[in-house]
Amino acid sequence: MTRSAASRVRNERIRLMGVRSGIGGRDPGASGAADDLKAAGLACRLSAGGLDAQWGEVFQAPHKTASDPTAAMIQLNPLVAAAVCAAGSSGATPFVIGGDHSCAVGTWSGVYAANRTRGPLGLLWIDAHLDSHTPETSHTGLIYGMPLAALLGHGDVPFTDCLVPGPKLLPEHVCVFGARSYEPEERALLDRIGVRVIGMAEIQQRGVVESLDEALRIVRRAQGGYGITIDMDALDPRDAPGVGTPAAGGLRAAELVPALQVVGEDDALRGLEIAEYNPRRDRRGVTRQHVMSLAASVLGARVGHATGRSSRVA
């Protein structure tokens, strides 16, 4: 995978943040992801690879909103967005650990706000699901099925206007990668507005490397840079048992992790988000280790940094 212009080593100052919330989905276990990864030494692993990785705040919704997921995320997402914006504006690369994927509204509203003077933002959405329902089309009313639609300007105003009024993404700069479980209404929205969806059937036919190359070309067209959000259920359940909504036939970590290493060399990356890791459902720490490997690959951590070697983390 190459770009027309030579890539440069990207920013190595990483600001980690957590969202201690699983309120947007069926299983609240994703609320423990940030604490689990912090205790497991995620920042140390990134730092060992030559990155300046520091933890910031771990956010959670006010207790008074615990029975109302929509009210909770209306309050929580702007807090996340403001912190992400501040990190990006200071020159760091924000790295947000969810939480269920409804936190993406806060993450990418913040990245957009920090970079909007540069131009539009691109986003690679790696997920088994499309997360593109609106309140009118959702079968369940669960808000973790709506964040991509909200970022594209479709849905309730408190979500579409998080931090900065209006859409944060243009359809031509967005690509969904790895989808295989979704309802026709959300696919119809993405098809109508022109979002490219590269589903698992196509990836299996073309291969991960070729398919990801196209996905990155799409999001890199955005003049303001791009981000990557990874829902851990994009991986096959054999590699990621620790998720709330597993879907068979997913991406294999052994292919995705090395394929994403090209991003670690790209100074147009504006942020990373990893969501839906559920420590309660993990087995033998296998999902946790893949979270760490994906983060290291995307952010450009290097194996053997202290000894002078420069091979990328796999």
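By convention here, each chain's residues receive numbers from 1 onward along its written sequence. Owing to the predicted nature of the model, reporting of local features is limited to residues with pLDDT of at least 70; listing and counting of side-chain atom pairs is limited to 80 or more, with chain, interface and lining totals taken over all residues. Heavy atoms from the whole structure form the basis of all side-chain values; hydrogens and water molecules are not counted.

(A) Representation of the side chain of N77 in the model. Only DSSP runs of H or I covering at least 4 residues are called helices, and only runs of E covering at least 2 are called strands; the numbering of each starts at the N terminus. If you trace the backbone, N77 turns up in helix 3 (residues 69-89). The cut-offs for exposure are 20% and 50% of the maximum accessible area for each residue type, with area from a 1.4 Å probe on protein chains only; residues under the lower value are buried, those over the upper are exposed, and the others partly exposed. For N77, a relative accessible area of 2% gives the class buried. For this analysis, a polar contact is any N or O atom pair within 3.5 Å, provided that within protein one partner can donate a hydrogen and the other can accept it, and provided that sequence-adjacent residues contribute only side-chain to side-chain pairs. Within polar-contact distance, the side chain of N77 engages the backbone oxygen of S102 at 3.4 Å. Note on definitions: a residue-residue contact is assigned when non-hydrogen atoms from the two residues lie within 4.5 Å. When sequence neighbours within four positions are dropped, the list of residues in contact with N77 reads S102, C103, V105, G106, F159 and C162.

(B) The sheet that holds strand 2 (residues 52-59), seen in detail. If you walk across this open sheet you meet the 8 strands as 2-1-3-8-7-4-5-6, and the pairing is parallel. Looking at which strands have only one partner, the edges of the open sheet turn out to be strand 2 and strand 6 (196-199). The mean inter-strand angle of the sheet, taken between neighbouring strand axes irrespective of direction, is 15 degrees. One requirement defines pairing of two strands: DSSP has to find at least two bridges between them. Alignment of strand 1 (residues 13-19) against strand 3 (residues 93-97), held across 5 bridges, turns out to be parallel. Along strand 3, the bridge assignment pairs L16 with F95. A fitted line through C-alpha atoms represents every axis, and for helices the fit uses only the stretch in contact; the resulting angles, taken between N-to-C directions, go from 0 to 180 degrees. Here helix 11 (residues 286-299) sits on the sheet and contacts strand 1, strand 3, strand 7 (226-231) and strand 8 (269-275); the angle it forms with strand 8, its principal contact strand, is near 175 degrees.

(C) Expanded view of empty space enclosed by the protein. Using a grid of 1 Å spacing that covers the protein atoms alone, one calls a set of points a cavity when a 1.4 Å probe fits there but cannot get out, and a pocket when the set is open and has protein on both sides within 12 Å along at least five of seven lines; lining residues are those with an atom within 4 Å of a point. Grid points are joined across faces, edges and corners, and a volume is the space filled by probe spheres set on the points. Throughout the structure, instances matching the rule amount to 1 cavity of 30 Å³ or more. Taken together, G25, R26, D27, A30, D100, Y144, G244, T245, E276 and N278 make up the full set of residues lining the largest cavity. The residue classification treats Ala, Val, Leu, Ile, Met, Phe, Trp, Tyr, Cys and Pro as nonpolar and Asp, Glu, Lys and Arg as charged. All others, Gly included, are polar. Within the lining of the largest cavity, the residues separate by chemical class into 2 nonpolar, 4 polar and 4 charged.

(D) A look at the environment of A188. You can see A188 is positioned in helix 7 (residues 184-193). Sequence separation between A188 and A86 is 102 residues; the distance between their C-alpha atoms is 35 Å.

(E) Fine view of the pairing of strand 4 (residues 122-126). Across the 5 residues of strand 4, 5 count as buried, placing the element largely inside the fold. In strand 4, alternate side chains face the same way, and those of G122, L124 and I126 on one face and L123 and W125 on the other are all buried. Here strand 4 pairs with strand 7 via 5 bridges, running parallel. Residue pairing across strands places L123 opposite G227, the latter belonging to strand 7. Across 4 bridges, the pairing between strand 4 and strand 5 (residues 174-179) is parallel.

(F) Seen up close, helix 7. Within helix 7, the full set of buried residues consists of E186, L189 and L190. One side of helix 7 carries all its buried residues, which in axial view fall inside an arc of 90 degrees. Summarising the geometry of helix 7, the exposed residues directed more than 90 degrees from the buried face are P184 and R192. Against the buried residues of helix 7 lie helix 5 (147-151), strand 5 and strand 6. Just beyond helix 7, the residue with positive phi is G194, at close to 95 degrees. An arc is given here, and it is the one of the directions from the helix axis to the C-beta atoms.

(G) Local environment of helix 9 (residues 208-219). Between the first and last residue of a helix there are one fewer steps than residues, each counted as 1.5 Å, and that sum is the expected span. With 12 residues, helix 9 ought to run about 16 Å at 1.5 Å a step, and its terminal C-alpha atoms sit 16 Å apart, in line with that. Most of helix 9 is tucked away, with 9 of its 12 residues classed as buried. Those residues of helix 9 not exposed but buried are V208, S211, L212, D213, E214, A215, L216, I218 and V219.

(H) Layout of the pattern of salt bridges. By salt bridge we mean one thing: a side-chain nitrogen of Lys or Arg within 4 Å of a carboxyl oxygen of Asp or Glu. Applying the stated criterion across every chain yields a total of 14 salt bridges. In this structure, D266 engages R220 in a salt bridge whose closest nitrogen and oxygen atoms are separated by 2.9 Å. Taken together, the residues span a long stretch of sequence, with D266 in the loop between helix 10 (253-259) and strand 8 and R220 in the loop between helix 9 and strand 7 at a distance of 46 residues. Exposure remark for D266: the relative accessible area of 0% places this residue in the buried category. Using a relative accessible area of 12% as the deciding quantity, one classes R220 as buried.

(I) Highlighting unusual backbone geometry. Following G98, the chain continues to G99 via a peptide bond in cis, the omega torsion being 20 degrees. Locating G99 in the fold gives a position in the loop between strand 3 and helix 4 (104-115). Although it is not a glycine, D131 sits at a positive phi angle of roughly 50 degrees. Along the chain, D131 turns up in the loop between strand 4 and helix 5. Classification of D131 by relative accessible area gives buried; the value is 5%. A positive phi is found at L163, a non-glycine position, where the angle reads about 65 degrees. The topology assignment puts L163 in the loop between helix 6 (157-160) and strand 5.

Nothing here speaks to function; it is all geometry.
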